[in-house]
Amino acid sequence: MNAKNSHHNHEKQTPEHAHDKKNAHHSNHNHQGHGRHEDMVADFKKRFFISLILTLPILALSPMIQHFFRVDWRFDNDLYILFVLSTIVFFYGGWPFLTGGIRELKDKNPGMMTLIALAITIAYGYSTLVVFGWDGNQLFWELATLVVIMLLGHWIEMRSIMGASNALEELIQLMPSEAHKLDENNDVHDVPLADIQNNDRLLVKPGEKIPVDGLIIEGKSTIDEAMLTGESLPIEKEEGDQVIGGSVNNEGSLIVEVEKTGEASYLSQVVKLVKEAQESKSRTQDLTNRAAKWLFYLAIVAGLITFSVWILLGFTVDVAVERMVTVMVITCPHALGLAAPLVVAVSTSISAKKGLLIRNRAGFEDARHLNAVVFDKTGTLTKGEFGVTNIIPSGDYTKDEVLQFAAAIEQNSEHPIATGIVSSAKDQGLEQKRVTDFESITGKGIQGQVGGQKINVVSPKYVNDNNLSFDEQQFNELSEEGKTVVFVLVEDQLAGMIALADIVRETAKEAVSALKEQGIHSIMLTGDNQKVANWVAKQLGIDEVYAEVLPDDKANQIKEIKDKGWKVAMTGDGVNDAPALATAHLGIAIGAGTDVAMETADVILVQSNPNDVVELMELSKKTYRKMVQNLWWATGYNIFAIPLAAGVLAPWGIIVSPAVGAVLMSLSTIIVAINAKLLKE
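Quick notes on the rules
- For every chain, the first residue of the written sequence is number 1, and numbering continues from 1 onward in sequence order.
- Confidence filtering applies because this is a predicted model: local features only for residues at pLDDT of at least 70, side-chain atom pairs given and counted only at 80 or more, and all residues used for totals across whole chains, interfaces and linings.
- Side-chain calculation: all heavy atoms of the structure are included, whereas hydrogens and water are not.
- A run of DSSP states H or I qualifies as a helix once it reaches four residues; a run of E qualifies as a strand once it reaches two. Both are numbered from the N-terminal end.
- When a residue's accessible area, from a 1.4 Å probe over protein chains only, is under 20% of the maximum for its type it is buried; when over 50% it is exposed; and in between it is partly exposed.
- Pairing between two strands is assigned when DSSP locates at least 2 bridges connecting them.
- Geometry is summarised by axes, namely lines fitted to C-alpha atoms with helices restricted to the contacting stretch, and by angles between N-to-C directions that run from 0 to 180 degrees.
- When checking whether two residues touch, look at their non-hydrogen atoms; a contact exists if any pair is within 4.5 Å.
- By convention, the crossing between two helices is left-handed when the near helix turns anticlockwise from the far helix through less than a right angle, and right-handed when the turn is clockwise.
- UniProt positions are given in the numbering used here, feature names are shortened, and annotations may be inferred rather than shown by experiment.
- Salt-bridge detection follows one rule: a side-chain nitrogen of Lys or Arg within 4 Å of a carboxyl oxygen of Asp or Glu.
- For classification purposes, angles smaller than 35 degrees are called roughly parallel, those larger than 145 roughly antiparallel, those between 65 and 115 roughly perpendicular, and all remaining angles oblique.
- Classes in brief: Ala, Val, Leu, Ile, Met, Phe, Trp, Tyr, Cys and Pro nonpolar; Asp, Glu, Lys and Arg charged; the others, Gly included, polar.
- Here the expected span of a helix is defined as 1.5 Å times the quantity of residues minus one.
- Here the arc refers to the directions that run from the helix axis out to each C-beta atom.

A. Fine view of unusual backbone geometry. Even without a glycine there, the phi angle at D437 is positive, about 50 degrees. The phi angle at E491 is positive, at roughly 50 degrees, despite the residue not being glycine. Note that E491 resides in the loop between β16 (484-490) and β17 (493-504). Under the relative-accessibility criterion, E491 is labelled partly exposed at 42%.

What follows is the structure, encoded as structure tokens:
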């Protein structure tokens, strides 16, 4: 059908690769390396439950715990059983922390893992010496509870973050696996895509995906590139025009000469951009890791000072070592292991209820710093579907009649414009008239008989070619707004014009004004043409517009905005948005979009509601506040407990027994858990 997009009929060149390095946020702790894989989550879960089961007898067998509860369950060689059980917990349950600690020390960047490894190693080493003859109290119960709580914290944390990014596999899956290759005799052979070479000729049937980048050498059709380039309208293409692998051939058969395959193809370039952007995400440490780093240094310094002071005061090495060990073990707070994960779990479940799926926690937590949000147009700010915006009747016809005639003719067409006209007629409650003798005439649009009258729906080109007079000023104004205009003829006489455009989401208007109130700058970035973009931006109140941006340039455009010192979020839904989503400080995918965009994004808006961008930033601020409160609760206990454990009140005869330390520890853990649950929607 020719009525499609006369003024949209611009040729899209296959863009060349543009390098783009990313400086965004690593999605997790250092120590989690590839810790987003399901098998790693399962591993932590298994280690947690086995360690938990072993911890129960360890607590029951510990003389200190028995003393605290005023029971006596001692028996011959009980400490050896305690030693064996604790050894299993130390090596099996503690393994991720021991290896993680070594990795952090190699990177000269001690954090949570190093702190836990230090505490459990000292507790295990000292307690083992006590079992085999050293004078003092063993701390196996401290070791076991610490391992169990830390495993629980990491398991909760990893489980509440979605699986690894499969963006690249998703991209590759867009391509058909086979192509219809023509030989010298023009016979068609289905061959695997891998066997296609440059200059081969391929047949692409209606409704099929175009398998490679190439040049049309025969045929004419409309190509839907929306998923790849963001162009909202299918584009009419004919001989000499280029096509992109992965786009959809709508109606005509085409013969395409292959220009680019494999690595050189457009889709592969997008893959490369996504890969680069993801790989170069910087490893920002989160709050807990920073707190852990300082506690690690504090543990070592406090331990050495405690040991030195007790020795200088004339106490035996046994006593000085016990004080030092108590201090160093107490410095690793159990509550710290749960402070962030519990808040994460609560905020993840709140966000899921609101239809926000968080895939990259570090990015989500940083959303509170954002001061610019870049929106893709098609499918994000707009619905990605046509609707009638204006009807201009001619002569004696009414608006309803013009729309009714057009809808009757268009009801047999699958074209987006047809769908828009038919649904607009239904929305207005117009009776659907029957059409007979329907036909699509190349170069003339479509025609049929409605109620005994010949009705045509045609393009501006047809009207001009047939010298039909119409309101040119009105037509030009509509075209300036980037609208698609079709003409309705009754018995070859003009009955009226119908203008259509991609419908703007009501929620997008609300989102832009809400962001404006918070002083956050909204920017539109689109592959669509300038006129369309300006019209949409005007309706939404967006001042800054970048239009006709080629997909590999979207990421560059984001980089330029970042270079101005802005903290940028990108919201999009297509394959073409994937590199930009990965490049922004925060990538937000619209849930109705493509799998690729969703796999590359840090956050997914399930309900495709731009308003959720505002919700997201609010939740980020609340989550951060709650996390800071929890870290104070977790470490505040230490600030109080460490001097007591070191024995500052010893001159007054007050020495904190490890059992009292354990009660304080449990208390801070409970407070942290309750505080996390208080995070409100």
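Let us keep going from here.
B. Structural detail: the sheet that holds strand β11 (residues 372-376). Pairing within the open sheet is mixed, and its seven strands lie in the order β10-β22-β21-β20-β11-β18-β19. In the strand order of this sheet, the two ends are held by β10 (356-358) and β19 (544-546), each with one partner. For this sheet, the mean inter-axis angle between neighbouring strands, taken without regard to orientation, is 20 degrees. Both strand β20 (residues 568-572) and strand β21 (residues 586-590) contribute to a ladder of four bridges, which runs parallel. Within β21, the residue paired with A569 across the bridge is L586. Relative to β10, helix α24 (residues 611-646) is tilted by about 50 degrees, and along the sheet it contacts β10, β11, β20, β21 and β22 (603-605).

C. Fine view of the packing of helix α5 (residues 112-131) against helix α10 (residues 287-312). Orientation of α5 relative to α10, taken along the N-to-C sense of each, is 35 degrees, at an axis distance of 7 Å. Where α5 crosses over α10, the two elements pack in a sense that is left-handed. In this structure, α5 contributes M112, T114, L115 and L118 to the contact, and α10 contributes T288, N289, A292, L295, F296, A299 and I300.

D. How the structure looks around the UniProt feature "transmembrane region" (unreviewed entry) in the chain. Sites flagged by UniProt as "transmembrane region" (unreviewed entry) map to residues 48-68, 80-98, 110-133, 139-156, 294-313, 325-352, 631-654 and 660-679. Here residues 139-156 runs as 94% helix and 0% strand, with 26 Å between its end C-alpha atoms. Here residues 631-654 runs as 67% helix and 0% strand, with 28 Å between its end C-alpha atoms.

E. Structural context of the sheet that holds strand β13 (residues 436-441). Read from one edge to the other, the open sheet built from six strands follows the order β12-β17-β16-β15-β14-β13, with strand pairing classed as antiparallel. Of all strands in the sheet, those with a lone pairing partner are β12 (382-393) and β13, marking the two edges. Within this sheet the neighbouring strands show an average axis-to-axis angle of 20 degrees, counted without direction. In this sheet, strand β14 (residues 445-450) lies alongside β13 in antiparallel orientation, the contact comprising four bridges. Counterpart to S440 in the pairing with β14 is I446. Sheet contacts for helix α16 (residues 416-427): β12, β16 and β17; angle to β12, the most-contacted strand, approximately 65 degrees. Contacts from helix α20 (residues 530-540) reach β12 and β17 within the one sheet, and its direction differs from that of β17 by about 65 degrees.

F. Fine view of the pattern of salt bridges. One pass over the full model with this rule turns up 11 salt bridges. Taking the shortest distance from any N to any O, the salt bridge between K554 and D376 comes out at 3.1 Å. Here the residue K554 occupies a position in helix α21 (residues 551-563), and D376 occupies one in strand β11, the gap between them amounting to 178 residues. Judged by relative accessible area, which is 0%, K554 ranks as buried. By relative accessible area, which is 1% here, D376 ends up buried. We note a salt bridge from K554 to D577, for which the minimum N-O separation is 2.7 Å. Residue K554 is found in helix α21, and its partner D577 is found in the loop between β20 and α22 (578-583); the two are separated by 23 residues along the sequence. For D577, a relative accessible area of 0% puts it in the buried group. Each of D376, K554 and D577 takes part in one network of salt bridges that share partners.

G. Broad picture of the packing of α5 against helix α11 (residues 317-330). Closest axis-to-axis distance for the α5/α11 pair is 9 Å, and the angle between their directions is 150 degrees. What the angle tells us is that α5 and α11 run roughly antiparallel. Of the two elements, α5 crosses α11, and the hand of that crossing is left-handed. For the pair formed by α5 and α11, the contact residues are L118, A119, I122, A123 and Y126 on the first element and V321, E322, V325, M328 and V329 on the second. For the contact of α5 with α11, the per-class residue count stands at nine nonpolar, no polar and one charged.

H. Inspection of helix α19 (residues 506-517) at higher detail. In this model α19 runs 17 Å from its N-terminal to its C-terminal C-alpha over 12 residues, within 8% of the 16 Å that 1.5 Å per residue would give. Looking at α19, one finds that the buried residues are A508, A511, V512 and L515. Angular distribution of buried residues about the axis of α19 spans 95 degrees; they occupy a single face of the element. Facing away from the buried surface of α19 by more than 90 degrees, the exposed residues are E506 and E517.

I. Up close: the environment of I503. With respect to the element layout, I503 can be found in strand β17. Taking C-alpha positions, I503 is 9.7 Å from G420, a pair spaced 83 residues apart along the chain. The contacts of I503, once residues within four sequence positions are left out, are T382, K383, E385, F386 and G387.

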